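Okay, here's what each chain looks like letter by letter:
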Amino acid sequence: MSSVTQHTVVDSPYGPLTLVATDGVLSGLYMVGQRHRPVEESFGVPDPEPFPEVIEQLDAYFAGELREFTVPVRLHGTPFQRGVWEQLQRIPYGETRSYGQLADVLGKPGASRAVGLANGKNPVGIIVPCHRVIGSTGSLTGYGGGLDRKQRLLAFESGVPTAAALF
């Protein structure tokens, strides 16, 4: 039996977001210009039907009313990638972790680069909060959606307005 893939595009303070569902479960959330964004043809047919709960939670998040997403997600990747993505979902709203800290939690000390690569291939941005991962020195390193978006998302979650967060 083959999978059914559908998508829709929604507006957000960070630009249009493409939501992708596989068999009715969210399997992708992609920003315009995102690194590792799959080709449009892989997003399936345009159909908003599987996305009302996702859109409702995203709207609440962007309004500052939701801190933890509860929509089910289907994450396609290697076992290591899925382990990293599972750990991302455990980083509380408004907090950050370093790539090295995630590697340690995964029992793979010294694998911070591999964690970074897996983080960059996260297929469900924002909901699986890869923007909450920073360098060991606190620097904003790498983000598939662009460092400006990462900075704005972190500023939004911390409640500290920045000039970049206002645009």
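In what follows, the structure referred to is the one given above.
Since we're looking at a predicted model, the values are computed, not measured. (Residues numbered from 1 in each chain as written. Predicted model: local features only at pLDDT ≥ 70, side-chain atom pairs only at ≥ 80, totals over all residues. Heavy atoms only, no water.)

Draft legend 1. View of the environment of S158. Tracing the chain through its elements places S158 in helix α5 (residues 147-158). Placed 34 residues apart in sequence, S158 and V124 show a C-alpha to C-alpha distance of 21 Å. Within the local environment of S158, its side chain forms a polar contact with the backbone oxygen of A155, the two atoms lying 3.0 Å apart. (Helix = DSSP H or I, 4+ residues; strand = E, 2+ residues; numbered from the N terminus. Polar contact = N/O pair within 3.5 Å; in protein donor to acceptor, adjacent residues only side chain to side chain.)

Draft legend 2. How the structure looks around the packing of aromatic side chains. One pass over the full model with this rule turns up 6 aromatic pairs. Pairing Y61 with F69 gives two aromatic rings, centres 5.2 Å apart and planes at 40°, and the pair type is tilted. Assessed through its relative accessible area of 1%, Y61 is described here as buried. With 5.4 Å between their ring centres and 70° between their planes, Y61 and F156 make a pair best called edge-to-face. Of this pair, Y61 sits in helix α1 (residues 52-62) while F156 sits in helix α5, placing them 95 residues apart in sequence. Feature note: the residues Y14, Y61, F62, F69, Y93 and F156 constitute an aromatic cluster, connected by ring pairs. (Phe/Tyr/Trp six-rings, centres within 6.5 Å; stacked < 30°, edge-to-face > 60°. Buried < 20%, exposed > 50% of the residue type's maximum accessible area, 1.4 Å probe, protein only.)

Draft legend 3. Seen up close, the sheet that holds strand β2 (residues 17-22). Spatially, β3-β2-β1-β4 is the arrangement adopted by the 4 strands of the open sheet, whose pairing is mixed. At either margin of the open sheet sits one strand with a lone partner, and together these are β3 (25-31) and β4 (45-46). Looking at chain direction, strand β1 (residues 5-10) and β2 are connected through 6 bridges and run antiparallel. In the strand pairing of β2, T5 is matched with T22. The strands touched by α1 within the sheet are β1, β2 and β3, with β2 carrying the most contacts at an inclination of about 145°. (Pairing = 2+ DSSP bridges. Contact = heavy atoms within 4.5 Å. Axes fitted to C-alpha atoms, helices over the stretch in contact; angles between N-to-C directions.)

Draft legend 4. Just α1, in detail. Among all positions of α1, only V54, Q57, L58, A60, Y61 and F62 are buried. G64 sits one or two residues past α1 and shows a positive phi near 80°.

Draft legend 5. How the structure looks around the pairing of β2. Within β2, 6 of the 6 residues are buried, which leaves the element mostly enclosed by the surrounding structure. Linking two consecutive strands that pair antiparallel, namely β1 and β2, is a turn of 6 residues; a positive phi of about 100° is found at G15 within it. The pairing of β2 with β3 spans 6 bridges and is antiparallel. Counterpart to T22 in the pairing with β3 is V25. Linking two consecutive strands that pair antiparallel, namely β2 and β3, is a turn of 2 residues; a positive phi of about 50° is found at D23 within it.

Draft legend 6. Highlighting unusual backbone geometry. Phi is positive for D23, close to 50°, though the residue is something other than glycine. By secondary structure assignment, the location of D23 is in the loop between β2 and β3. Overall, D23 belongs to the partly exposed group, its relative accessible area being 39%. Positive phi outside glycine occurs at H36, with the angle close to 65°.

Draft legend 7. Representation of the side chain of H7 in the model. Of note, H7 is situated in strand β1. Accessibility expressed as a relative area gives 13% for H7, which makes it buried. A polar atom in the side chain of H7 sits 3.3 Å from the backbone oxygen of F43. Among the polar contacts listed, one links the side chain of H7 to the backbone oxygen of G44, at a separation of 2.9 Å. Not counting chain neighbours up to four residues away, the residues in contact with H7 comprise T18, L19, V20, F43, G44, V45, P46, D47 and F51.

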